[in-house]
Amino acid sequence: DRVMALFTGNIRFTSTDDPQDNNKGNVYYDESESQLKHYDGSEWVNVNANINYDRPGDGQYDVDSYTKLLIHSNTSNNSTTFTDSGATGHSISRGGAYHTESEKKIGDTSMYFDGSNDYISAPDNADWDFEGTDITIDFWIKFINVSVNSSIWGQSNGGGNNLKIGNHFSSGNSWWYHMHSPAGSPYNIFFSWSPSNDTWYHTALVREGDSWKFFVDGQQTGGTQTQSAAFQDIGGTFRFGQDGEAWRKFNGYLDEIRVSKGIARWTSNFTVY
């Protein structure tokens, strides 16, 4: 039997039961599954008929009233302009960080942090007061060096023992959140995870009531943690690329950063495209 095919650039449209050449970008219609498929560079995956912009990896997130910070990083190579596309539209400052097209997950670029003193920050705001509310903080992350302790984000008023909320990655084998309740009483929430270098992961920290969950690529990791202690609302910039006190710093790439307040976007395992 002959197969009819249409070529446009590196995209090949065919109707056949057999996958086509494994060239990134190729597309074919699988008659046996009634499904359009494309080759992403490593495997043939389904092409969605409708893009779901709240499923990580389908595309840039849409904005809703819960979206307090949203940085797409879909811009030009080496750009040093960072834009908050969230509902509030915070002013974003930078220290060394920039956008790069050498690595990207969503859109044309991702955000690069050199592990020395790079960061982006938003000024203190009521949006960062997480007391008594559900939250979801999610982003795509790619480590350059997982063998060193690093902080991905955090907030502090500058005092040595006043870190409000921040997450730290500890030498390749644990992911933990360090918080302070009123009167400066610290507590930690640990989630065990061992990522690799040079791999994109979607991570999400979700708080629903007193329950905390951590998801990696849509799969709950480290079990459900319970913590009822209140948050301490303190003044300080909200940073990515290092903790609020610039103590530990991150070496790698971030993409599609989103801070959601008032919603637990995922409470069970979910699909990452």
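Residues numbered from 1 in each chain as written. Predicted model: local features only at pLDDT ≥ 70, side-chain atom pairs only at ≥ 80, totals over all residues. Heavy atoms only, no water.

A few points about the nonpolar core
The nonpolar side chains of a soluble globular protein tend to be buried, and buried together. For clarity, the threshold we go by: Within this scheme, the nonpolar core is defined by two criteria: the residues are buried Ala, Val, Leu, Ile, Met, Phe, Trp, Tyr or Cys, and they are joined through side-chain atoms within 4.5 Å. Exposed residues in this analysis have more than 50% of their type's maximum accessible area, buried residues have under 20%, and partly exposed residues fall in between, with area computed by a 1.4 Å probe over protein chains only. The secondary structure listing takes helices from DSSP runs of H or I that are at least 4 residues long and strands from runs of E that are at least 2 residues long, numbered from the N terminus. Two residues form a contact once any of their heavy atoms are found within 4.5 Å.
Judged by nonpolar contacts, the single largest core of 39 residues is most densely connected at Ile120, Phe139, Trp175 and Phe240. Counting residues per element, this core draws most heavily on strand β11 (residues 135-143), which supplies five residues. Residues within four places of Phe139 in sequence aside, it is in contact with Ile152, Trp153, Trp175, Tyr201, His202, Thr203, Phe240, Leu254, Asp255, Glu256 and Ile257. Core analysis: the second largest hydrophobic core is formed by eight residues, Tyr61, Val206, Phe215 and Trp266 among them.

A few points about the environment of Phe231
As for its placement among the helices and strands, Phe231 is situated in the loop between β19 (225-226) and β20 (238-240). Note on Phe231: relative accessible area 4%, which makes it buried. For the pair Phe231 and Phe130, spaced 101 residues apart in sequence, the C-alpha to C-alpha distance is 6.7 Å.

Quick word on the pairing of strand β9 (residues 110-114)
Quick reminder of the rule: One bridge is not enough; two strands pair if DSSP finds at least two bridges between them.
Where burial is concerned, most of β9 is hidden: four out of the five residues are buried. Where strand β8 (residues 98-100) and β9 come together, three bridges link them in antiparallel fashion. Bridged to His99 within β9 is Met111. Bridge analysis of β9 against strand β21 (residues 251-261) gives four bridges, and the strand direction is antiparallel. For Phe113, the partnering residue across the bridge sits in β21 and is Gly252.

Observations concerning the confidence of the model for the protein
Keep this limit in mind: A score between 0 and 100, pLDDT records how confident the predictor is in each residue.
Across the protein, the average pLDDT comes to 83, with 82% of residues at or above 70. At the level of individual helices and strands, the protein shows its lowest average pLDDT in strand β1 (residues 5-8), which scores 48, and its highest in β8, which scores 98. Under a pLDDT of 50 for its full length, residues 1-9 has, in the predicted model, 14 contacts with residues more than four places off or in other chains.

Some remarks on the pattern of salt bridges
Opposite charge on two side chains lets them pair, provided their charged atoms get close. Spelled out, the test is: Salt bridges, as used here, are contacts in which a Lys or Arg side-chain nitrogen is within 4 Å of a carboxyl oxygen on Asp or Glu.
Across all of its chains, the model carries four salt bridges by this definition. Put simply, Lys142 and Glu103 hold a salt bridge, and the shortest N to O gap is 2.7 Å. With Lys142 in strand β11 and Glu103 in the loop between β8 and β9, the pair connects residues that are 39 residues apart, well separated along the chain. Residue class for Lys142 comes out buried when judged on its relative accessible area of 9%.

Remarks on the pairing of strand β17 (residues 211-216)
The side chains of a regular strand alternate between the sheet's two faces. Most of β17 sits out of view: five of its six residues are buried. Alignment of strand β16 (residues 200-208) against β17, held across six bridges, turns out to be antiparallel. Within β17, the position partnered with Ala204 by the bridge is Phe215. Between β16 and β17, which pair antiparallel one after the other, the connecting turn spans two residues, and Gly209 there sits at a positive phi close to 65°. In the sheet, β17 pairs with β19 via two bridges, with the strands oriented antiparallel.

Topic: unusual backbone geometry
In this structure, Ser73 takes a positive phi of about 60° despite not being glycine. Summarising the element assignment, Ser73 is placed in the loop between β6 (67-71) and β7 (93-95). Phi angles above zero are rare outside glycine, and Glu256 is one such case at about 50°. Position of Glu256 among the secondary structure elements: in strand β21.

Observations regarding the environment of Asn125
Of note, Asn125 is situated in the loop between β10 (119-122) and β11. Here the alpha-carbon distance between Asn125 and His90, two residues 35 residues apart in the chain, equals 8.8 Å.

Quick look at the environment of Glu208
Structurally, the position occupied by Glu208 is in strand β16. Distance in space between the C-alpha atoms of Glu208 and Thr226 is 9.8 Å, their sequence separation being 18 residues. Apart from residues no more than four positions distant in its own chain, Glu208 is found in contact with Asp134, Ala264 and Thr267.

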